[in-house]
Amino acid sequence: MKLSRSRRKKLEEIEARIQETLSQIPAAVEAALPRSKSHKLAVTAAWVAGGVGVLTLGLLAGRELRVRYKLNRRTPYDYYAHAGDQTPDLEFGVGI
């Protein structure tokens, strides 16, 4: 496709403007997002909140696994009230 000299020149000018604009984008982004103490505080707060969330999920998952483990390893004595208690003053029986 052949372009006339004037169109070719306009196209080159447009390409030059595009390149100039693209080179200015990083500086504009840096200017729009200032690095201040409040930004660092927000990032720190986000990391702490994430850590607390992971800790909470770990505790809940660990409790659930422990409950399931204990449920699968019950003995016949676990079905009776106060089975395994060490207090001698309680009176209870197993049907006697």
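Further up the page is the structure itself.
Quick caveat: nothing in here was measured; it's all calculated off a predicted structure.

Another aspect to go through is the overall build of the protein. Scanning the protein from N- to C-terminus turns up two helices and zero strands. Counting every position in the protein, which comprises 96 residues, the buried fraction comes to 0%. A total accessible area of about 9600 Å² is found for the protein, and carbon and sulfur atoms account for 62% of it.

Here the focus is a nonpolar patch on the surface. On the surface, Ile14, Ile18, Leu22 and Ile25 cluster together into a nonpolar patch covering about 350 Å² of accessible area. With respect to the helices and strands, the residue Leu22 is situated in helix α1 (residues 5–32). Under the relative-accessibility criterion, Leu22 is labelled partly exposed at 46%.

Reading guide: rules and limits
- Residues numbered from 1 in each chain as written.
- Predicted model: local features only at pLDDT ≥ 70, side-chain atom pairs only at ≥ 80, totals over all residues.
- Heavy atoms only, no water.
- Helix = DSSP H or I, 4+ residues; strand = E, 2+ residues; numbered from the N terminus.
- Buried < 20%, exposed > 50% of the residue type's maximum accessible area, 1.4 Å probe, protein only.
- Areas by Shrake-Rupley, 256 points an atom, 1.4 Å probe, with all protein chains shown as cover.
- Patch = residues over 30% accessible without salt bridge, like charges linked within 9 Å, V, L, I, M, F, W, Y side chains within 5 Å.
- Salt bridge = Lys/Arg side-chain N within 4 Å of Asp/Glu carboxyl O.

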